[in-house]
Amino acid sequence: MTAQAIAEAASASRRDEAIDLARGFFSDLGELTPVGYADLPAEYQTLLAHSGHMTVTLEAWHESLVDVRVVAETTQDDRYARHSLLSRQSDGRIVQSGVMRIVFAGLASEVRERVAAGGCPLGRILIRSNVLREVELLALWRITPGGQLAEELAVPPGDVIYGRSARILVEGRPAVELLEIVKP
């Protein structure tokens, strides 16, 4: 298998993972196309191409704390998933649509309760709880949003926006899967 064929297979696998993560919350997420760092516009390079928490990055970029609004959520055994929107506290403008799936095993009960309560962004909860964590960037996406996503982020259908897939390791173990789509 050639290097390009391996890269294409990895991209297809990551796209399938992202779509699977969003499936429970979006009937039509839109078209996801894998891109490299150099393919991102400059503002998206800053917002997406890093191994940090999106909460921290968005708050620095927008010079405003962000609030979370849970759109939908599911719980099954020790797994919790949600689709949420982050908005600037300064003016209420939505700056991110995201989906996360977290495995609660290994997290303290107060952390689990705060995450499930939905009143605070995940990154802020993990940081304030001093949870040993590492954010791994998995893929960058060019997205032509479907109707629901376009409406949430107030972008015209057919416009191009960008996002990322990431994973958070807690104490060295994969604990959180993320699909984060931003609007600068």
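Residues numbered from 1 in each chain as written. Predicted model: local features only at pLDDT ≥ 70, side-chain atom pairs only at ≥ 80, totals over all residues. Heavy atoms only, no water.

Draft legend 1. Molecular detail of the nonpolar core. One finds Leu29, Leu48, Leu58, Leu149, Ile161, Leu179 and Ile181 to be the most contacted residues of the largest nonpolar core, which totals 33 residues. The greatest single-element share of this core, amounting to four residues, is contributed by strand E5 (residues 133-145). Counting residues in hydrophobic clusters, the runner-up holds 19 residues, among them Val115, Val135, Ala175 and Val176. (Core = buried A, V, L, I, M, F, W, Y, C linked by side-chain atoms within 4.5 Å. Buried < 20%, exposed > 50% of the residue type's maximum accessible area, 1.4 Å probe, protein only. Helix = DSSP H or I, 4+ residues; strand = E, 2+ residues; numbered from the N terminus.)

Draft legend 2. View of the side chain of Gln45. The residue Gln45 is located in helix H2 (residues 42-48) in this model. In terms of polar contacts, Gln45 uses its side chain to reach the backbone carbonyl oxygen of Leu40, at 3.2 Å. If near-sequence neighbours (up to four positions away) are discounted, Gln45 is found in contact with Tyr37, Ala38 and Leu40. (Polar contact = N/O pair within 3.5 Å; in protein donor to acceptor, adjacent residues only side chain to side chain. Contact = heavy atoms within 4.5 Å.)

Draft legend 3. Region of interest: the pairing of strand E4 (residues 94-103). Counting buried positions over the ten residues of E4 gives eight, a clear majority of the element. Examined bridge by bridge, strand E3 (residues 79-88) and E4 share nine bridges and lie antiparallel to one another. Bridge assignment links Leu86 to a residue of E4, and that residue is Gln96. Once E3 ends, the chain turns through five residues before running back antiparallel as E4, passing Gly92 with a positive phi of about 80°. Where E4 meets strand E7 (residues 173-182), seven bridges bridge the pair, whose relative direction is antiparallel. (Pairing = 2+ DSSP bridges.)

Draft legend 4. Spatial organisation of unusual backbone geometry. The phi torsion at Glu63 lies on the positive side, around 50°, for a residue other than glycine. Summarising the element assignment, Glu63 is placed in the loop between helix H3 (54-62) and strand E2 (66-76). The phi dihedral of Asp77 falls on the positive side, at around 55°, and the residue is not glycine. Position of Asp77 among the secondary structure elements: in the loop between E2 and E3.

Draft legend 5. Looking closely at the pattern of salt bridges. In total, this model carries eight salt bridges according to the counting rule given. A salt bridge links Arg101 to Asp20; the nearest nitrogen and oxygen atoms lie 3.6 Å apart. Of the two residues, Arg101 sits in strand E4 while Asp20 sits in helix H1 (residues 3-23), which places them 81 residues apart along the sequence. Note on Arg101: relative accessible area 21%, which makes it partly exposed. Using a relative accessible area of 38% as the deciding quantity, one classes Asp20 as partly exposed. Among the charged side chains, a salt-bridge network with shared partners connects Asp20, Arg23, Arg101 and Glu177. (Salt bridge = Lys/Arg side-chain N within 4 Å of Asp/Glu carboxyl O.)

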